[in-house]
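Working through the structure, step by step
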Amino acid sequence: MRSAKLVFFAYLFIHRFGAGLFRSFWPTVQLLLVAFVLFDLVYFPYISSENSPLWVHMSIAAFMLVYGILIANIKAKETAKQAFVPALFLMVVMTVLEWVPGLRTSGAGSNDYKWLMIVPLLACNTYQLLVLHRLNKKRPIGG
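Quick caveat: nothing in here was measured; it's all calculated off a predicted structure.

Basis of the calculations
- Residue positions are given per chain, counting from 1 as you read along its sequence in written order.
- Confidence filtering applies because this is a predicted model: local features only for residues at pLDDT of at least 70, side-chain atom pairs given and counted only at 80 or more, and all residues used for totals across whole chains, interfaces and linings.
- Side-chain numbers come from the whole structure's heavy atoms, not from hydrogens or water.
- A cavity here means a set of 1 Å grid points, computed over protein atoms only, where a 1.4 Å probe fits but cannot escape. A pocket is an open set with protein on both sides within 12 Å along at least 5 of 7 lines, and lining residues have an atom within 4 Å of a point.
- Grid points are joined across faces, edges and corners, and a volume is the space filled by probe spheres set on the points.
- Starting at the N terminus, helices and strands are each numbered in turn, a helix being any DSSP run of H or I of at least four residues and a strand any DSSP run of E of at least two.
- Following the grouping adopted for this structure description, the nonpolar residues are Ala, Val, Leu, Ile, Met, Phe, Trp, Tyr, Cys and Pro, the charged ones are Asp, Glu, Lys and Arg, and the polar ones are all others, Gly among them.
- Any Lys or Arg side-chain nitrogen found within 4 Å of a carboxyl oxygen on Asp or Glu counts as a salt bridge.
- Aromatic rings from Phe, Tyr and Trp, with only the six-membered ring used for Trp, were paired whenever their centres fell within 6.5 Å, and each pair was classed as stacked if the ring planes differed by under 30 degrees, edge-to-face if by over 60, and tilted otherwise.
- To sort residues, take the accessible area from a 1.4 Å probe on protein chains only and compare it with the maximum for the residue type: under 20% means buried, over 50% means exposed, and anything in between is partly exposed.

1. Re empty space enclosed by the protein
One pass over the full model with this rule turns up one cavity of 30 Å³ or more. If you add up the space inside the largest cavity, you get close to 40 Å³. Forming the boundary of the largest cavity are L41, P45, H57, I60, L103 and K114. For the lining of the largest cavity, the secondary structure elements donating two or more residues are α2 (26-48) and α3 (54-78). When grouped by side-chain class, the residues that make up the lining of the largest cavity number four nonpolar, one polar and one charged.

Take a look at the structure:
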């Protein structure tokens, strides 16, 4: 999925830019952005749909958060505990940003397109996040 690669590289840029701009507050800013995106994931679809119950939107946001925490824990265990917040940021904020076209298109009462888009996005972002440190390992020359 090309958009997943594009968003991953955008995330790498945003992470370096944010770390330089906010310095030691960057993890806190990332957590605030995660909370803001999760709130938006519940609030805006709920007020725009008349027939959809609130628990549906809350369960989608809860799923994104739980999945993000699970993948961020794996990343932190495989690399360093400081990788938890950036991994959570990628899995929640950047994935939801990628998902916006699917969220906007499925407003006609069908949730099929919404789920058709999120599964590959989560798979691609998870793969990219969990494989990157393995690809960057230093290997001996000729080995």
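2. Notes on the pattern of salt bridges
Applying the stated criterion to the full structure yields one salt bridge. For R134, the salt bridge identified is with E78, shortest N-O distance 3.0 Å. Residue R134 is located in helix α5 (residues 112-135), and its partner E78 is located in helix α3; the two are separated by 56 residues in the primary sequence.

3. Things to note about the packing of aromatic side chains
In total, this model carries ten aromatic pairs according to the counting rule given. Centre to centre, the rings of Y11 and F89 are 6.2 Å apart; their planes meet at 35 degrees, and the pair counts as tilted. Of the two residues, Y11 sits in helix α1 (residues 2-22) while F89 sits in helix α4 (residues 84-105), which places them 78 residues apart along the sequence. We classify Y11 as buried; its relative accessible area is 6%. Among the residues examined, F89 registers a relative accessible area of 2% and is labelled buried.

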